[in-house]
Amino acid sequence: MFSNEEKNAVYKVIYNRRDVRSFLPAPISQDVIHNILNAAHQAPSVGFMQPWNFIVVSSGETKEKLAWAAEKERRALAIHYEDEGEKETKFLGLKVQGLQEAPITICVTCDPTRGGSHVLGRNSIPETDILSTACAIQNMWLAACAEGLAMGWVSFYKKNDVRDILEIPPHVEPVALLSIGYTENYPAAPILETAKWEKRRALEDLIFKDKWGKK
Ligand SMILES: Cc1cc2nc3c(=O)[nH]c(=O)nc-3n(C[C@H](O)[C@H](O)[C@H](O)COP(=O)(O)O)c2cc1C
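Just so it is clear, the structure is predicted and the values come from calculations on it, not from any experiment. (Residues numbered from 1 in each chain as written. Predicted model: local features only at pLDDT ≥ 70, side-chain atom pairs only at ≥ 80, totals over all residues. Heavy atoms only, no water.)

*Asks:* What's the story with helix α6 (residues 159–166) in this structure? I'm lost.
*Replies:* Note on helix geometry: an α-helix contains 3.6 residues per turn, so any two residues three or four positions apart are oriented the same way. Residues Asp 161, Val 162, Arg 163, Ile 165 and Leu 166 constitute the buried set of α6. Where α6 is buried, its residues contact β1 (52–57), α3 (60–78), β2 (104–110) and β4 (173–181). Two residues or fewer past α6, Glu 167 is found with a positive phi of approximately 55°. (Buried < 20%, exposed > 50% of the residue type's maximum accessible area, 1.4 Å probe, protein only. Helix = DSSP H or I, 4+ residues; strand = E, 2+ residues; numbered from the N terminus. Contact = heavy atoms within 4.5 Å.)

Structure below.
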């Protein structure tokens, strides 16, 4: 179905995709934004419920408000890291800056009521709606990388702050704020790895045979 070259391109984008924090102000064409959103919309979803919406924010004023919500949360989180001299929250601070720098922010939402109360397959594990939304976000991330664009995921904010700013109804979950733009420094490795925070675990350690823990 796929040539070797095509197959390699898929793996290349999977291995090279990175979470990015700094952006250039250069605008993104509408076609490219549409490509990325269309990639998201091809994601798998439980019972094919397609629970997502995409709020594409380009207004500077609204981006400032979103950055304020994230900054407020960053300061609240700093309490947990008092002993370490806020080293941890410094990284989150860069994310807040990214929200202001990037030409667009996309808020991806999840509507748990879409498809009615008996979405096929969602009865047993209700959070499969959020998982479906995460699949859409990963598609966006890969598509953005293939388009030469950088994307950063921001998940530290109070959901009600984001609901207020973007006028999202109370039953709809703001799952992610995604900063998207071009960057001068697309990281070669996860930034948290370069900063010696955490490194990728060995895959072999994570694979069990037949039973949990059995190697
Ligand atoms: C569900 C989810 C939420 C995330 N939230 C944040 C966040 O709030 N702030 C942040 O700096 N990075 C966030 N990230 C990005 C991760 O830190 C990043 O993916 C991880 O360090 C691995 O780096 P890589 O994406 O470049 O491989 C999030 C990623 C995921 C999947």
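So much for the structure itself; the text now carries on.
*Asks:* Explain the nonpolar core to me, please; I cannot follow it from the model alone.
*Replies:* Across soluble globular proteins, nonpolar side chains have a tendency to be buried as a group. One finds Met 140, Met 151 and Ile 180 to be the most contacted residues of the largest nonpolar core, which totals 25 residues. Secondary structure elements with two or more residues in this core: α2 (30–41), β2, α5 (128–146) and β4. Excluding residues that lie within four positions of it along the chain, Ile 180 makes contacts with Phe 23, Ile 28, Ala 102, Pro 103, Ile 104, Ile 106, Met 140, Leu 149, Ala 150 and Met 151. Ranked by size, the runner-up nonpolar core spans 18 residues in total, among them Ala 70, Leu 92, Cys 107 and Leu 166. (Core = buried A, V, L, I, M, F, W, Y, C linked by side-chain atoms within 4.5 Å.)

*Asks:* Help me out: how do you make sense of the side chain of Asp 19 in this one?
*Replies:* Along the chain, Asp 19 turns up in the loop between α1 (4–16) and α2. In this structure the side chain of Asp 19 is engaged in a polar contact, spanning 2.7 Å, whose partner is the side chain of Lys 95. Within the structure, Asp 19 has its side chain in polar contact with the backbone nitrogen of Trp 153 (distance 3.0 Å). Excluding its chain neighbours within four sequence positions, the residues that come into contact with Asp 19 are Lys 95, Trp 141, Met 151, Gly 152, Trp 153, Pro 187 and Ile 191. (Polar contact = N/O pair within 3.5 Å; in protein donor to acceptor, adjacent residues only side chain to side chain.)

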